[in-house]
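# Chain and residue survey
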Amino acid sequence: MENDFNGQNQVNQDGEWQSAGSIDNGASSWGQSSAQGGFSSQNTTGTANTYAAQGGLVEKPVNMVTGIVGAFIGVLIGVVLWVIIYQMGFIAGIAGFVMMICAFKGFELLGGRINIVGAIICIAFVLIAVYFAHNISVAISIMQEMDGVGFSAAYKSIPEFRKLVSEFDKAYLHDLLFGYGLTLVAIIPSIKGKFRR
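Cut-offs applied
- Residues numbered from 1 in each chain as written.
- Predicted model: local features only at pLDDT ≥ 70, side-chain atom pairs only at ≥ 80, totals over all residues.
- Heavy atoms only, no water.
- Helix = DSSP H or I, 4+ residues; strand = E, 2+ residues; numbered from the N terminus.
- Buried < 20%, exposed > 50% of the residue type's maximum accessible area, 1.4 Å probe, protein only.
- Contact = heavy atoms within 4.5 Å.
- Areas by Shrake-Rupley, 256 points an atom, 1.4 Å probe, with all protein chains shown as cover.
- Axes fitted to C-alpha atoms, helices over the stretch in contact; angles between N-to-C directions.
- Left-handed = near helix turned anticlockwise from the far one by under 90°.
- Nonpolar A, V, L, I, M, F, W, Y, C, P; charged D, E, K, R; others polar.

### Overview of the overall build of the protein
- Counting secondary structure elements, the protein contains 7 helices and 2 strands.
- Start at the N end of the protein and walk to the C end: the helices and strands fall as β-β-α-α-α-α-α-α-α.
- Classification of the 197 residues of the protein by burial places 27% in the buried group.
- Considering only intrachain contacts with a sequence separation of at least 6, the fraction spanning at least 24 residues in the protein is 63%.
- About 12800 Å² of surface is accessible on the protein, with carbon and sulfur atoms providing 64% of the total.

Right, dumping it as structure tokens:
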């Protein structure tokens, strides 16, 4: 009688005899199925990761025309705020800070997103707008002090007042430089916030 424990035959859990070849074939089939399953899972994961990576590289296009319009609107908001604060008797320099933020936000909202060129345009707009906002505020103050003087005449008289009245010139420069200072302070965090991503 042959020895059943020589590796040719084995007893399964139900107490039935089963050849070792059948067991090996089953194990081999299960291993292949598992390997195929693992390979398919890896492919799926890799495809998903590739798709996500590609999606992360896609950026919104920049529309320079509408972005410039948005920056201009933001600057106008800052100019109006500057004039209002100045007429209330406060130093309007804080409006320069707000003006810079509004310019960046306006460009981003209407332009899709902001790039380096857009940031430079916003900064240029604001630096120019601060000067005119300050002059408009001063001209309105001259109109209030001098009866019968129109806005145009008051605006044109600013250089003459600066030459003739030293205190006027000092106050004019103080408020203007203070406004530029706060505006420049707003430039650094605005740029870092936009291009840190």
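Next comes the rest of the description.
### Observations regarding the packing of helix H3 (residues 94-111) against helix H4 (residues 116-145)
- Two elements in contact, H3 and H4, have axes whose closest approach is 9 Å; the angle formed by their N-to-C orientations is 145°. The two elements H3 and H4 meet at a crossing, and its hand is right-handed. Each of Gly96, Met99, Met100, Ala103, Phe104 and Phe107 in H3 lies in contact with H4, whose residues at this interface are Gly118, Ala119, Cys122, Ile123, Val126, Ala129 and Val130.
- Residues belonging to the contact of H3 with H4 are distributed by class as follows: 11 nonpolar, 2 polar and no charged.

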